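Spelled out from the first residue to the last, the chains are:
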Amino acid sequence: MSGTKRLLRAAAFPLLALFATSVIGSVADAAPKGDGGTIRMMLNPAGTMSFPPFVIKKFKLDEKYGFKFETINYTNANTATAAMQSKSAEMIVYEWLATARIIDGGIPVVGVAPFMTYINTVLEPADSTIKTLADLKGKKLGVHSKTSYDWMIMQAAAKRKYNIDLAKEVTIQEAAAPLLRGASDQGQLDATQMWNSLAADMLASKKYKTLITIRQITEDLGIPTVPYLFFGMRADYVKEHPDNVKAFVAAYQEVHDILMTNDQVWEERGAEMKLSPEGIIAFRDQVRRDLVKKFTPDMNAALDQTFDIVFKVAGPEVIGFTKMPPNMLSMDYQ
């Protein structure tokens, strides 16, 4: 190699290093950064929603993206709604129908990031002879909320496929999912709706089997698969702290990728939830199928379509409102 070429190569190395540093710095600068303020999230520790906070704290993603993250435990949905109304919390993970209901009730909420599609299950004892929703006639059914999407869509399917009004044909026991599990274990229910976070362990015990999933019901009716659960923030907070909102959404998208690839977080959090090893694996695999990373432009219209279907079945008295809020899911922060 000539002396001239050596000099040129030697001179090129610092320039390449400077270029690389500049590119890396530009990428880092492009990553959303919060304003350092706090985001308080209402959290049901028994639910699947407990996984994103677990991952955020484990990997210190709030520090990475420049905001402070806190959780406030609750077990009753009314408590969570009251916290949002009183501004005691900035964020909640809610099903879309419940969120639309509280918006209509005067609590402005903006959907900033998706979480999961339709995830819950209807379980029955392993020796049950119930095969379809029609077979629930005259039986005792557990539901976690009479105003939830899960119960509305079960009624819609039963009416369309079997011409049965489940609200009149079954005996309903309404309670939180952990209580429904206890009632099922004591033989008090013929079938019950169940959160996916509890259903996996119940199925792994071999004492229960799946009658039908809410996702199956939804797809059978030709309803688009959209985020059943999503992260909703108070509209006033979103307006005042857009950088924090973007930072949280970026953190959640990283959470999504970690949950899709890192088995250890499932084992750690599943053990905290006292799930069996078999239950953890089944739960992990099901959730990975149903996680959603980003909103897409068609999702608001799909929710409107879904609402029209359940509204025709349940009516305004049960639903509690007559029209979906416009553009409940925002893509401005992703």
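Above this text sits the structure in question.
The paragraphs below set out a description of the structure included in this document.

Cut-offs and rules
Residues numbered from 1 in each chain as written. Predicted model: local features only at pLDDT ≥ 70, side-chain atom pairs only at ≥ 80, totals over all residues. Heavy atoms only, no water. Helix = DSSP H or I, 4+ residues; strand = E, 2+ residues; numbered from the N terminus. Buried < 20%, exposed > 50% of the residue type's maximum accessible area, 1.4 Å probe, protein only. Contact = heavy atoms within 4.5 Å. Areas by Shrake-Rupley, 256 points an atom, 1.4 Å probe, with all protein chains shown as cover. Lys, Arg positive; Asp, Glu negative; His and termini not counted. Charge placed at Lys NZ, Arg CZ, Asp CG, Glu CD. Pairing = 2+ DSSP bridges. Axes fitted to C-alpha atoms, helices over the stretch in contact; angles between N-to-C directions. Core = buried A, V, L, I, M, F, W, Y, C linked by side-chain atoms within 4.5 Å. Parallel < 35°, antiparallel > 145°, perpendicular 65-115°, else oblique. Nonpolar A, V, L, I, M, F, W, Y, C, P; charged D, E, K, R; others polar.

**Observations regarding the overall build of the protein chain**
Now for step 1: Counting its secondary structure elements, the protein chain contains 15 helices and 10 strands.
Now for step 2: Considered along the principal axes of its C-alpha atoms, the protein chain spans approximately 95 × 45 × 35 Å.
Now for step 3: Expressed as a percentage of its 334 residues, the buried residues of the protein chain come to 50%.
Now for step 4: Intrachain contacts of the protein chain at a sequence separation of at least 6 include 80% that bridge at least 24 residues.
Now for step 5: When the accessible surface of the protein chain is totalled, it reaches about 15600 Å², and 54% of it is carbon and sulfur.
Now for step 6: Of the charged side chains in the protein chain, 38 are positive and 37 negative; the average position of the first set lies 3 Å away from that of the second.

**Notes on the sheet that holds strand 4 (residues 109-116)**
Now for step 1: Taken together, 5 strands build an open sheet; the order of strands is 2-1-3-10-4 and the sheet is mixed. Unpaired on one side and paired on the other, strand 2 (68-73) and strand 4 mark the two borders of the sheet. In this sheet, adjacent strand axes meet at a mean angle of 30° when their direction is disregarded.
Now for step 2: Where strand 1 (residues 38-43) meets strand 2, 6 bridges bridge the pair, whose relative direction is parallel. Bridge pairing links Thr 38 to Lys 68 in strand 2.

**Regarding the nonpolar core**
Across soluble globular proteins, nonpolar side chains show a tendency to be buried alongside one another.
Now for step 1: In terms of nonpolar packing, the biggest core is built from 104 residues, with Trp 96, Val 112, Leu 136, Tyr 149, Met 154, Phe 231 and Phe 248 touching the most fellow members.
Now for step 2: Looking at this core, the element that brings in the most residues is helix 12 (residues 242-261), giving 10 residues.
Now for step 3: Residues contacting Met 154, with those up to four places away along its chain left out, are Val 122, Leu 133, Leu 136, Leu 141, Leu 166, Gln 193, Ile 214 and Ile 217.

**Examining unusual backbone geometry**
Now for step 1: Its identity as a non-glycine residue notwithstanding, Asn 163 has a phi of 55°, on the positive side.
Now for step 2: Tracing the backbone shows Asn 163 in the loop between helix 6 (149-162) and helix 7 (166-169).

**Re the packing of helix 6 against helix 15 (residues 299-319)**
Now for step 1: Two elements in contact, helix 6 and helix 15, have axes separated by 9 Å at closest approach and are oriented at 105°. With respect to helix 15, the element helix 6 is oriented roughly perpendicular. Here Tyr 149, Met 152, Ile 153, Gln 155, Ala 156, Lys 159 and Arg 160 of helix 6 come into contact with helix 15, specifically with Thr 306, Ile 309, Val 310, Val 313, Ala 314, Val 318 and Ile 319.
Now for step 2: When grouped by side-chain class, the residues that make up the contact of helix 6 with helix 15 number 10 nonpolar, 2 polar and 2 charged.

That's the geometry; what it means functionally is another story.
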